[in-house]
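Residue-level structural notes
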Amino acid sequence: MARGRGERSLAAAAFESTEKTAPGSGFYFLPHMSNGLALDRGLIEDDLVGTRDPGDADLDVANVAGDIGIPIDLEALGFWLKALMGAPTSGDNSGNSGYYIHTFESGAWSLPSFSLEKQVPDVPSYEMFRGCRADTLRLTLQRGGRVNGTVGVIGQAVTAPASSTAAGTPSSYALSRFMQRQASVEIDASAQANVVSADFTFSNNLDQVDTVTGDEFIGGLDPMRAAMTGNLRLRFASESLFATAKAGTPIALSFVLTKSSTEKLTLAMPRVFLSVPGRPVEGPGGIEANFSFMAARATDDSAMLTATLLNTVESY
């Protein structure tokens, strides 16, 4: 009897036209390093009195959630950005035949749902999670390695595991991963030379609707106020950013990943507020300071976060 192995597992996903109903086609394989999306039911202990030993436990309601570790890449990332922020505005990358530009903006009042099939062919086991929404995206930039992220997903329904796929024959995105050496951090449109690391969490703060549905699952997922928070760790080389933070003056902050002029990801925040950090001397080495930040919508009420993805995918 074969045993399931992570190296053989696959994830196929498609956006739903009817929430909680898996599409009959349109699935794409999504590259990932880990997949924690799962159905979990806890136990309720016996509460009757009269004996010292407990009676039978009962299963509680179903919870469907988990983190998926993803590569930050040129093509499949567009699926996750759409899940996190809604459908992009897409068009030709002017003057570059075969290349396209996709602009995703935070602040949408509704977000698309998707179905995701977790495939373990060795068993075989094919489990379809339905009514899923992307709640969070976490990402870290540093000097070396690959750029990876973590997407937090919440689902609303699960089809019992089957021995064959319900996703048909999924398409595949071309895998072209961003490397940390291709990253830069810009403050007020100027690349920064003293950034040691940067991280952020984008959150939709999904509200799980705990209604009585008769099927053990939640009644829905409502996006609440979005948030973009993170940290900038810098070598202490100037008082300038400290003065900006102390004054409560917002900065424009961008994280940029560049393969070429036609293959690029930019995450831009027009107004970001910084904490005022300490700068402890911890030995003979360089002095560093860790600025935490919170992003806000622009003064004209436009998006708090704009993600611009340049690639060869025509639409998402």
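Now for a quick tour of the structure. (Residues numbered from 1 in each chain as written. Predicted model: local features only at pLDDT ≥ 70, side-chain atom pairs only at ≥ 80, totals over all residues. Heavy atoms only, no water.)

A word on helix H2 (residues 240–247)
- Restricting attention to buried positions, one finds in H2 the residues Leu241, Phe242, Thr244 and Ala245. For H2, the arc enclosing every buried residue in end-on projection is 160°, short of the 170-degree limit, so these residues lie on one face. Those residues of H2 that are exposed and aimed more than 90 degrees away from the buried face are Lys246 and Ala247.
- Along its buried surface, H2 packs onto strand S13 (183–187), strand S18 (227–235), strand S19 (251–260), strand S20 (263–274) and strand S21 (288–296).
- Two residues or fewer after H2 comes Gly248, characterised by a positive phi angle close to 70°. (Buried < 20%, exposed > 50% of the residue type's maximum accessible area, 1.4 Å probe, protein only. Helix = DSSP H or I, 4+ residues; strand = E, 2+ residues; numbered from the N terminus. Arc of directions from axis to C-beta. Contact = heavy atoms within 4.5 Å.)

Notes on the packing of aromatic side chains
- Enumeration over the complete set of coordinates arrives at 12 aromatic pairs.
- On the numbers, 6.4 Å between centres and 55° between planes, the contact of Phe104 with Tyr316 is tilted. Here the residue Phe104 occupies a position in strand S7 (residues 100–105), and Tyr316 occupies one in the segment after strand S22 (306–311), the gap between them amounting to 212 residues. Summarising the burial analysis for this pair, Phe104 and Tyr316 share the class buried.
- In this structure an aromatic cluster arises from ring pairing among Phe15, Phe79, Trp80 and Phe114. (Phe/Tyr/Trp six-rings, centres within 6.5 Å; stacked < 30°, edge-to-face > 60°.)

Structural notes on the side chain of Thr136
- Within the element layout of this structure, Thr136 appears in strand S9 (residues 125–141).
- The exposure class assigned to Thr136 is buried, which follows from its relative accessible area of 13%.

Side note on the nonpolar core
- By size, the foremost hydrophobic cluster in this structure holds 64 residues, and its most contacted members are Trp80, Leu232, Leu253 and Phe255.
- Per-element accounting of this core gives the leading share, seven residues, to helix H1 (residues 77–85).
- Contact partners of Phe255, with chain neighbours within four places excluded, come to Leu141, Ser184, Val185, Ala198, Phe200, Leu232, Leu265, Thr266, Leu267, Met269 and Phe293. (Core = buried A, V, L, I, M, F, W, Y, C linked by side-chain atoms within 4.5 Å.)

What to know about the pattern of salt bridges
- Inspection of every chain in the model, using the stated rule, returns 10 salt bridges.
- Residue Glu288 is joined to Arg235 by a salt bridge in which the shortest nitrogen-to-oxygen separation is 3.1 Å. Taken together, the residues span a long stretch of sequence, with Glu288 in strand S21 and Arg235 in strand S18 at a distance of 53 residues.
- Relative accessible area serves as the criterion here: at 19%, Glu288 is assigned to the buried category.
- Here the residues in one salt-bridge network are Arg5, Glu7, Arg8 and Asp122, joined through shared partners. (Salt bridge = Lys/Arg side-chain N within 4 Å of Asp/Glu carboxyl O.)

Side note on a negative patch on the surface
- Judged by side-chain charge, Glu45, Asp47, Asp56 and Asp58 come together as a negatively charged surface patch.
- Secondary-structure assignment places Asp58 in strand S5 (residues 58–71).
- Note on Asp58: relative accessible area 47%, which makes it partly exposed. (Patch = residues over 30% accessible without salt bridge, like charges linked within 9 Å, V, L, I, M, F, W, Y side chains within 5 Å. Areas by Shrake-Rupley, 256 points an atom, 1.4 Å probe, with all protein chains shown as cover. Lys, Arg positive; Asp, Glu negative; His and termini not counted. Charge placed at Lys NZ, Arg CZ, Asp CG, Glu CD.)

Thoughts on the environment of Ser197
- With respect to the secondary-structure elements, Ser197 resides in strand S15 (residues 195–203).
- Residue class for Ser197 comes out partly exposed when judged on its relative accessible area of 23%.
- The spatial distance from the C-alpha of Ser197 to the C-alpha of Gly6 is 30 Å, given a sequence separation of 191 residues.
- When near neighbours in sequence (up to four residues on either side) are disregarded, Ser197 contacts Leu141, Asn231, Leu232 and Arg233.

Quick notes on the pairing of S13
- With five bridges connecting them, S13 and S19 associate as antiparallel partners. Paired with Ile187 across the bridge in S19 is Leu253.
- Here two bridges tie S13 to strand S14 (residues 190–191), and the two strands are oriented antiparallel to one another. When the sheet's bridge partners are listed, Glu186 is paired in S14 with Ala191.
- Hairpin connection from S13 to S14: two residues lie between these consecutive antiparallel strands, with Asp188 at a positive phi of about 50°. (Pairing = 2+ DSSP bridges.)

The analysis is restricted to geometry; functional conclusions fall outside its scope.
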